[in-house]
Amino acid sequence: MSCLLRSFLQRIMMKSALALLVIIVIVFVKDAFPQLDKPTISGFTARITVGTNFTWTCVDLGPMPCLDQVQWLKSGQPIPPTAVSGMCNEIYSKVAVAEDQGIYRCQTNSMSASTLSDPISLTVVVPPGKPSISGFIASIRTGTTFTWTCAEPGATNFEWWKTGDLSQLTGTTGASGEIYSKIAAAGDQGTYYCKASNSAGVAQSDSISLTVTASSGGDDQTTTDSSTLTPTSSNAAGVGLAALPHAAITMACLFRAYF
């Protein structure tokens, strides 16, 4: 009986020792290869202009950096290694193009796990292209209302200008000043253009030339003084016939006086 009890106790002790050993190993591994903290991205600016150089760094790489290379992701897809640098590929730097707009993360790795940074959203601002003008008619009459629209999808603000003026035209409407409308007057004749802008730059449209003519109801009427008219042949004949009786009386008086 004592032999059985001794054997049972020995088995329990061996299992306990094995369990203790497993616990010690787990603690050692955890201390040697701790779980990485969530990395962060430094140097990030949410809105940049095309042609601007940006540089981001994935930081908080943990106690054993470069155990595996940092991975940069755009919209969940790996960024080619040619675009990254640094000892652990922790630096992402390039000149911005329109296609760089998107959601980015960096990923760090340990023997126990991989950890992703919070996502960052990059907006790339593209300068506006040449705006276009719609609604333009080259020749209009005074009193006619005309309405022009300056259009460019990438612009956030519009200005209207008349060549020779020192300041932009007033009275524009629309969400961003893209509409110019007024009743034509003679002084509106001239050359016009519009400008489209955003935080990345300004672009100017082609010029348009407007001709303003007098309306049919407002044409100048020429009035001539009747005293300056030169008699026509019919008028001259009338004047001659009216003078005949007077001439006959004068001749009769002279004849009587002579005889």
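Keep in mind that what you see is a predicted model, and the values were worked out from it rather than measured. (Residues numbered from 1 in each chain as written. Predicted model: local features only at pLDDT ≥ 70, side-chain atom pairs only at ≥ 80, totals over all residues. Heavy atoms only, no water.)

### Overview of the overall build of the protein chain
So the rule is basically this: Numbering of helices and strands runs from the N terminus, with a helix taken as a DSSP run of H or I at least four residues long and a strand as a DSSP run of E at least two residues long. Each residue gets one of three labels from its accessible area relative to the maximum for its type: buried under 20%, exposed over 50%, partly exposed in between, using a 1.4 Å probe on protein chains only. Any pair of residues with heavy atoms lying within 4.5 Å of one another is described as a contacting pair. A 1.4 Å probe and the Shrake-Rupley method give the accessible areas. Residues count as covered only by the protein chains that appear here.
When helices and strands are counted, the protein chain shows 2 helices and 18 strands. Residues classed as buried in the protein chain amount to 24% of the 259 residues present. Restricting the contact set of the protein chain to residue pairs at least 6 apart, pairs at least 24 apart contribute 61%. About 17000 Å² of surface is accessible on the protein chain, with carbon and sulfur atoms providing 61% of the total.

### A look at the state of the cysteines
Which entries qualify depends on this criterion: For this text, the term disulfide refers to a pair of cysteine sulfurs within 2.5 Å.
Considering all chains together, one arrives at 2 disulfides under this definition. Between the sulfur atoms of cysteine 58 and its disulfide mate cysteine 106 the distance is 2.1 Å. Torsion about the S-S bond of the cysteine 58 and cysteine 106 cystine: about 70 degrees, corresponding to right-handed handedness. Here cysteine 58 is found in strand β3 (residues 53–59), whereas its partner cysteine 106 is found in strand β8 (residues 102–109), with 48 residues between them in sequence. Take cysteine 106: its relative accessible area is 0%, and that puts it in the buried class. In this model, cysteine 150 is linked to cysteine 194 through a disulfide, with the two sulfur atoms separated by 2.0 Å. Across the S-S bond linking cysteine 150 and cysteine 194, the dihedral sits near 70 degrees, which makes this disulfide right-handed.

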